[in-house]
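Breakdown of the fold
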Amino acid sequence: MQDTVLVKGHQLSAIRGERILYRGVDVEVRGGEAILLRGSNGAGKTTLLRQLAGLSEPQFGSVVRTGDHHWIGHANGLKAHETPRAHLSHWARVWGSAARLDLVLERMTMVRPADVPSRMLSAGQKRRTALGRLLLVERPLWLLDEPFNALDTGGQALLSTMINEHRERGGAVISAMHGDIPIEASREVTL
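Reading the values: rules and limits
Residues numbered from 1 in each chain as written. Predicted model: local features only at pLDDT ≥ 70, side-chain atom pairs only at ≥ 80, totals over all residues. Heavy atoms only, no water. Helix = DSSP H or I, 4+ residues; strand = E, 2+ residues; numbered from the N terminus. Buried < 20%, exposed > 50% of the residue type's maximum accessible area, 1.4 Å probe, protein only. Contact = heavy atoms within 4.5 Å. Expected span 1.5 Å × (residues − 1). Arc of directions from axis to C-beta. Phe/Tyr/Trp six-rings, centres within 6.5 Å; stacked < 30°, edge-to-face > 60°. Patch = residues over 30% accessible without salt bridge, like charges linked within 9 Å, V, L, I, M, F, W, Y side chains within 5 Å. Areas by Shrake-Rupley, 256 points an atom, 1.4 Å probe, with all protein chains shown as cover. Salt bridge = Lys/Arg side-chain N within 4 Å of Asp/Glu carboxyl O. Pairing = 2+ DSSP bridges.

Our focus in this paragraph is the overall build of the protein chain. When its secondary structure is counted, the protein chain shows 5 helices and 8 strands. Considered along the principal axes of its C-alpha atoms, the protein chain spans approximately 45 × 35 × 30 Å. In the protein chain, buried positions account for 48% of the 191 residues. Across the protein chain, the fraction of contacts at a sequence separation of at least 24, relative to all contacts at a separation of at least 6, is 72%.

With that settled, consider helix α2 (residues 84-95). Helix length check: α2 (12 residues) gives 17 Å between terminal C-alpha atoms against 16 Å at 1.5 Å per residue, within 8%. For α2, the complete set of buried residues consists of Pro84, His87, Leu88 and Ala92. Each buried residue of α2 lies within a common arc of 130 degrees when the element is viewed along its axis, so the set occupies one face. Where α2 is buried, its residues meet α3 (101-107) and α4 (123-132). Where α2 terminates, the next one or two residues include glycine 96, which has phi positive at roughly 65 degrees.

A word on the packing of aromatic side chains. Scanning the model with the defined rule gives 1 aromatic pair in all. Ring centres of tryptophan 91 and tryptophan 95 lie 5.2 Å apart, and the angle between their planes is 35 degrees; on these two criteria the pair is classed as tilted. In this pair, tryptophan 91 and tryptophan 95 both sit in helix α2, 4 residues apart, roughly one turn of the helix. You can call tryptophan 91 partly exposed: its relative accessible area is 27%.

Another aspect to go through is unusual backbone geometry. Here the phi dihedral of glutamine 11 falls at roughly 55 degrees; this positive angle occurs in a residue that is not glycine. Here glutamine 11 lies in strand β1 (residues 5-16). Residue glutamine 11 is classed as partly exposed on the basis of its relative accessible area of 37%.

A cluster of nonpolar residues, Ile15, Ile20 and Phe60, forms a patch on the protein surface that exposes about 270 Å² of accessible area. Summarising the element assignment, isoleucine 15 is placed in strand β1. Judged by relative accessible area, which is 35%, isoleucine 15 ranks as partly exposed.

Relative to strand β2 (residues 19-30), β1 runs antiparallel, the two being bridged by 8 bridges. Each bridged residue has a counterpart across the sheet, and for valine 5 the counterpart in β2 is arginine 30. Between β1 and β2, which pair antiparallel in sequence order, lie 2 residues; one of them, glycine 17, sits at a positive phi of approximately 65 degrees.

See the structure below:
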């Protein structure tokens, strides 16, 4: 996977209403890389990630993906009554994952609150649960929309380690970010 192009966006453009968010953006992500998307609020970082994930079509340009990917957006995707264990168990079944759920919960430091409904969890615990999906099944590309939001120092260190390990295995990450981040980027794309 190292040095393999996992996703390539060519001359991507996005228009919202009559406003051009960006135009002519080229993005190529290879195994082992971490690409950071930067820009002010409303610049189109989430829109670009959604285009790369195939969740929305670019107004102009093209996207080619060569492998499976994980998508973690702003919303964590947990239902109010759903526990972290139930959430991760559901996705493990859907994806045919052989991952041991107890090990994923332990890695995400979610053992104690594993059976608490998400409406009672902190924002950081909800984020850790969502990020736990990354560990259920190996996929070469991670598309992450501000993944460090709501995480405490320990959660940030954990996610940084997960990203570094993923890259060492030949995986890649493209992520929208604000502020300082605790990972070393291959390069940045500013919108």
